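Structural description and commentary
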2 protein chains.
Amino acid sequence: MASSGQPPEGEVRQRATGGVPAKQSPGSPARNKLLAEHIAKVKAATEVSESEPDDRLMYNEDSIEHLTKGLPQASDNVMGALDSALSSLPPKWRNWVVRFIFTCAMIGSFVMVVRQGPSWLMMGVFAIQFKCFHEIITIGLAVYRLYDLPWFRALSWYFLFTSNYFFFGESLIDYWSILLRKEQFLHFLIAYHRLISFALYVLGFVWFVLSLKKGYYMRQFSLFAWSHVTLLLIVSQSYLIIQNIFQGLVWFLVPVAMIICCDIMSYVFGFFFGKTPLIKLSPKKTWEGFIGGAFSTVIFGLLLSFILMKYPFFVCPVDEYVEANTECTIPSSFQIREFALPRPISFIFKLLKKEPTINLYPFLGHTLVMALFASILGPFGGFFASGFKRAFKIKDFGDVIPGHGGLMDRFDCQLLMGTFVNVYIHTFIRIPNPAKLVQQIMWLSPDEQIEVYQSLFDKLVRNGLLAENGTILSLAA
Amino acid sequence: MASSGQPPEGEVRQRATGGVPAKQSPGSPARNKLLAEHIAKVKAATEVSESEPDDRLMYNEDSIEHLTKGLPQASDNVMGALDSALSSLPPKWRNWVVRFIFTCAMIGSFVMVVRQGPSWLMMGVFAIQFKCFHEIITIGLAVYRLYDLPWFRALSWYFLFTSNYFFFGESLIDYWSILLRKEQFLHFLIAYHRLISFALYVLGFVWFVLSLKKGYYMRQFSLFAWSHVTLLLIVSQSYLIIQNIFQGLVWFLVPVAMIICCDIMSYVFGFFFGKTPLIKLSPKKTWEGFIGGAFSTVIFGLLLSFILMKYPFFVCPVDEYVEANTECTIPSSFQIREFALPRPISFIFKLLKKEPTINLYPFLGHTLVMALFASILGPFGGFFASGFKRAFKIKDFGDVIPGHGGLMDRFDCQLLMGTFVNVYIHTFIRIPNPAKLVQQIMWLSPDEQIEVYQSLFDKLVRNGLLAENGTILSLAA
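Keep in mind that this is a model prediction, so the values were computed, not measured.

About the cut-offs
Residues numbered from 1 in each chain as written. Chains lettered and ligands numbered in written order. Predicted model: local features only at pLDDT ≥ 70, side-chain atom pairs only at ≥ 80, totals over all residues. Heavy atoms only, no water. Helix = DSSP H or I, 4+ residues; strand = E, 2+ residues; numbered from the N terminus. Buried < 20%, exposed > 50% of the residue type's maximum accessible area, 1.4 Å probe, protein only. Contact = heavy atoms within 4.5 Å. Areas by Shrake-Rupley, 256 points an atom, 1.4 Å probe, with all protein chains shown as cover. Pairing = 2+ DSSP bridges. Core = buried A, V, L, I, M, F, W, Y, C linked by side-chain atoms within 4.5 Å. UniProt positions renumbered as here; feature names shortened; annotations may be inferred. Patch = residues over 30% accessible without salt bridge, like charges linked within 9 Å, V, L, I, M, F, W, Y side chains within 5 Å. Salt bridge = Lys/Arg side-chain N within 4 Å of Asp/Glu carboxyl O. Polar contact = N/O pair within 3.5 Å; in protein donor to acceptor, adjacent residues only side chain to side chain. Phe/Tyr/Trp six-rings, centres within 6.5 Å; stacked < 30°, edge-to-face > 60°. Lys NZ or Arg CZ within 6 Å of the ring centre and 35° of its normal. Axes fitted to C-alpha atoms, helices over the stretch in contact; angles between N-to-C directions. Parallel < 35°, antiparallel > 145°, perpendicular 65-115°, else oblique. Left-handed = near helix turned anticlockwise from the far one by under 90°. Nonpolar A, V, L, I, M, F, W, Y, C, P; charged D, E, K, R; others polar. Expected span 1.5 Å × (residues − 1).

**Considering the overall build of chain A**
Regarding its fold elements, chain A presents 21 helices and four strands. The proportion of buried residues among the 477 residues of chain A is 50%. Look at the contacts in chain A between residues 6 or more apart in sequence, and 70% of them connect residues 24 or more apart. In the form shown here, chain A has an accessible surface area of approximately 23,300 Å², with 65% of it arising from carbon and sulfur atoms.

This is the structure:
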């Protein structure tokens, strides 16, 4: 039956290059033959079979459900003890309790991991990244029915490994070499980082091309695209998130906590006051929840920042903190500073005979911007995930967290938020690190080192920072 | 008829969360009903309609052909004059002549563009990038039948624009500011480059989410993935290629010429001597063509490098060449150097009482490595493209070049090659640019500038390049 659907090579060619086919009136013999062939395929497709070449019915809405309904989904049936204890509650409340318990459990374990310090936290980010990738790839394999090509899963994991090395190779090896106090630790992995990444990728690419199997081409290419988009979304964004951790734990914790707060408070406000639906994609979301969540997030974010800002553990850039052994020069964002007020407000202040300035921690301003992003644009990450789930007829990405679903169900907004914070830091906060620049100069040839030195000397003299004889001039002067 | 295939909301939910359905024996009433529904859908699908929600038959091999066969394909029917002149030839030779003429035309116009200098060349790369993107997106729109959601095409182009700004923003604006001799030319586009890119992307993302339309979800997400993979492939790789141009024209020309040579010579060797098939994906490719192509590529590459290396126009890094007005210090890769021979060979030289060294241009060694990559791994880019075309039942990506097909048909291997050259340059050639490092130091605060200066001073003194009083010590000493 499979061969009936697969026209011989020559025929495909001919049809693909040929012009417009002769118009067929409904019910013509040719048309009926086509239809009969399709029916045969439909029959074949409705039987549960894991290996079907492209040429059979590939998917329609029903078959998508058929394919994805076996995937693990959130359920309220948790452990026996909890289950029987909750059995007397009505379902809506039962779900509420399960969700509540596991929300607390997740937040609790998150706090525990944070207390262990940045290394544990990074490992946590990796674990979450792997699980999210696993969830999305599992859906892909189900949608494209590629279970019977076993190395396809292996290939996906190989690409995950490769892209992780590409993104994290340089920064993480650097970090571990500081941590382990070995200057040349795995140095070749840094020196040839790009070349090794590329070689690994080309190997995977060649593997993919050699693995192409007639009758599976379309699905293999689709899954190739699927896994690449997943990698792009998950690996690159978790890289950005880990960069945020390096900048100081607070840059990671405050955004994460704000998204959690926004999720919870939108749910709570929606639960109690929700009336006006927000968007068709997620029928449970309401304007009341959205607005309530936004307000709560801003207030919560400012409070949390205000508390965390007091501790070097949270505000110090990670490598400096580790190198200098639990100390660092507090970055300027966390030191109170005088700001001049803008025009209309400063005018009022002047009328009141007050100085038109205000003392603020710059980081609180940053928190405000992040809170607004978290509560206004963050939810679009969630809408995107909802749309994706609807497209493939699944309710959740998995079943690891009872009452919540898969990890991706909880981390959809975190990724977008992490990227925003990274871009924000890059644009407004991070400045080139003096120590790193000196290191880069030392990689040059002696000639060029001297060249840099002279050029720097000339410019510093011209700017009045240095006297002609090399004496450093007072900056106040 | 459309509504019959789209179950109501509640039903979908229920089915998605429910367990395994009751087993249906073939021929049961439920089964027959399902089948009848499918037949109705098949009927609907075989009619030519451009707007069909996800829930109808989506695609199978026949419908893929049905969808993609309207796409433009290479044909031998060119202009009238050429056509009638060739009409007496047998088809195989006719195709050969058309191919030959347009190969010459393409190489000719390529040489013309190169003579105009790097700016024209970069614009050429952009033009090719746009056309390749257009070809792939057109196939995607055909496969997913999304013609009736007109802004989807707009969204794809928007993402193309955004990713181009992201990749090229910094380097190209920098280049144009040198070219136009305006130091602050569009400076805000550089200073806020990441933030602007991210904002543009988020805007597109929100646009996509808001554009999701019930019944189209699956195809919209598929095309989203499709366009992202295309962007990843085309924009990022053409960025790498333009970086190669900046390193010096020769780093762009030699690899491109080698891929062209490899293509032509494989074709010629295959045409005359081809017997043993190489890979199932491309039945026309033979081992004889592969090996003949590889040999020719190595020889041609070395010859071409040897010729081009003599001209500053080809070997100078582009910005230095433009800044210093058609001159530069020739990079060391293009200056003859003495190499010590490795053990077994050096032993023979010693027996012959000769110096065990050899004088070589390092670039010829680089060319050899690139030639091997071009001829051994380059073809996999082509196999990948062949597999892709087979998956979607198209013969060519387009019809812009008579006898060849679409642009993507000619540039499939160039992308992979360009990436390899970029990685190679990054790993073995490019060293941090002294002038850029000084510029980065000048972006620091005055305090930090002094910090860098002192730290650099100390290190240079320690390494014996500088005396304590700041005198530069002779490097020879």
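**Concerning the pairing of strand β2 (residues 282-286) of chain A**
Residues in a regular strand point their side chains to alternate faces of the sheet. All names here are of chain A. Where strand β1 (residues 277-279) lies against β2, two bridges are found, and the strand directions are antiparallel. Residue pairing across strands places Ile279 opposite Ser282, the latter belonging to β2. Hairpin remark: β1 followed by β2, antiparallel, with two residues in the connecting loop.

**What to know about the side chain of Ser197 of chain A**
Residues and elements named next belong to chain A. Residue placement: Ser197 occurs in helix α10 (residues 193-211). Looking at Ser197, the relative accessible area reads 4%, which means it is buried. Once residues lying within four places of it in the same chain are set aside, the contact partners of Ser197 are Thr162, Tyr165 and Phe166.

**Focus: the nonpolar core**
By size, the foremost hydrophobic cluster in this structure holds 189 residues, and its most contacted members are Trp226 and Trp251 of chain A together with Trp226 and Trp251 of chain B. Among all residues touching Trp251 of chain B, those that are not within four sequence positions of it are Asn244, Phe334, Phe363, His366, Met370, Val421, Tyr424, Ile425 and Ile429 of chain B. With 26 residues, the next largest nonpolar core counts Leu444 and Ile450 of chain A together with Leu437 and Ile441 of chain B among its residues.

**Description of the UniProt feature "transmembrane region" (unreviewed entry) in chain A**
Residue and element names in this part refer to chain A. Cross-referencing UniProt, the feature "transmembrane region" (unreviewed entry) maps to residues 96-114, 120-143, 155-173, 185-209, 221-242, 248-274, 286-309 and 363-385 in the present numbering. As a span, residues 96-114 carries 100% helix and 0% strand, and end to end its C-alpha atoms are 27 Å apart. Here residues 120-143 is 100% helix and 0% strand, with 35 Å between the C-alpha atoms at its ends.

**Digging into a nonpolar patch on the surface**
Taken together, the side chains of Phe347, Ile348, Leu351 and Leu352 of chain A make up a nonpolar region of the molecular surface, amounting to roughly 460 Å² of accessible area. Within the secondary structure layout, Ile348 of chain A lies in helix α16 (residues 343-351).

**A closer look at the environment of Thr230 of chain A**
Residues and elements named next belong to chain A. The residue Thr230 is located in helix α11 (residues 217-247) in this model. Thr230 sits 26 residues away from Val256 along the chain, and the two C-alpha atoms are 21 Å apart. Not counting residues up to four positions away in its chain, the partners in contact with Thr230 are Phe133, Ile136 and Val235. A polar contact of 2.7 Å, which involves the side chain of Thr230, links it to the backbone oxygen of Trp226.

**Concerning the packing of aromatic side chains**
Using the criterion set out here, one finds 83 aromatic pairs over all chains in the structure. Ring plane angle 0 degrees and centroid distance 4.0 Å describe the contact between Phe373 of chain A and Phe420 of chain A, whose orientation is recorded as stacked. Of the two residues, Phe373 of chain A is situated in helix α17 (residues 362-376) and Phe420 of chain A in helix α19 (residues 407-429); the sequence distance between them amounts to 47 residues. Judged by its relative accessible area of 8%, Phe373 of chain A falls in the buried class. Geometry around Tyr267 of chain B places Arg99 of chain B over its ring, the cationic atom sitting 4.8 Å from the centre. Positioned above the aromatic ring of Phe306 of chain B, the side-chain terminus of Lys310 of chain B is 4.4 Å from the ring centre.

**Let's talk about the side chain of Ser238 of chain A**
Summarising the element assignment, Ser238 of chain A is placed in helix α11. Residue classification places Ser238 of chain A among the buried positions, given a relative accessible area of 4%.

**Points about the packing of helix α18 (residues 378-391) of chain A against helix α10 (residues 193-211) of chain B**
When two helices pack together, their arrangement is given by the angle between their axes and by how far apart the axes lie. One way to put it is that α18 of chain A packs onto α10 of chain B with a least axis distance of 10 Å and a crossing angle of 45 degrees. Between α18 of chain A and α10 of chain B, the angle is such that the two are oblique. Between α18 of chain A and α10 of chain B the crossing geometry is left-handed. Touching Phe380, Gly381, Phe383 and Phe384 of chain A of α18 of chain A are Phe205, Val206, Phe208, Val209 and Leu210 of chain B, all from α10 of chain B. Residue classes in the contact of α18 of chain A with α10 of chain B are distributed as eight nonpolar, one polar and no charged.

**Overview of helix α21 (residues 446-462) of chain B**
Note on helix geometry: an α-helix contains 3.6 residues per turn, so any two residues three or four positions apart are oriented the same way. The end-to-end C-alpha separation of α21 of chain B is 24 Å, in line with the 24 Å expected for 17 residues at 1.5 Å each. Among the residues of α21 of chain B, Glu448, Gln449, Ile450, Val452, Tyr453, Leu456, Phe457, Leu460 and Val461 of chain B are the ones counted as buried. Here the buried face of α21 of chain B lies against α20 (434-442) and α21 (446-462) of chain A together with α20 (434-442) of chain B. Within two residues after α21 of chain B, Gly464 of chain B carries a phi angle of roughly 75 degrees, on the positive side.

**Comments concerning the environment of Leu200 of chain A**
Residues and elements named next belong to chain A. For Leu200, the location among the structural elements is in helix α10. Here the alpha-carbon distance between Leu200 and Ser163, two residues 37 residues apart in the chain, equals 9.1 Å. Once residues within four sequence positions are removed from consideration, Leu200 is found in contact with Tyr158, Phe161, Thr162 and Tyr165.

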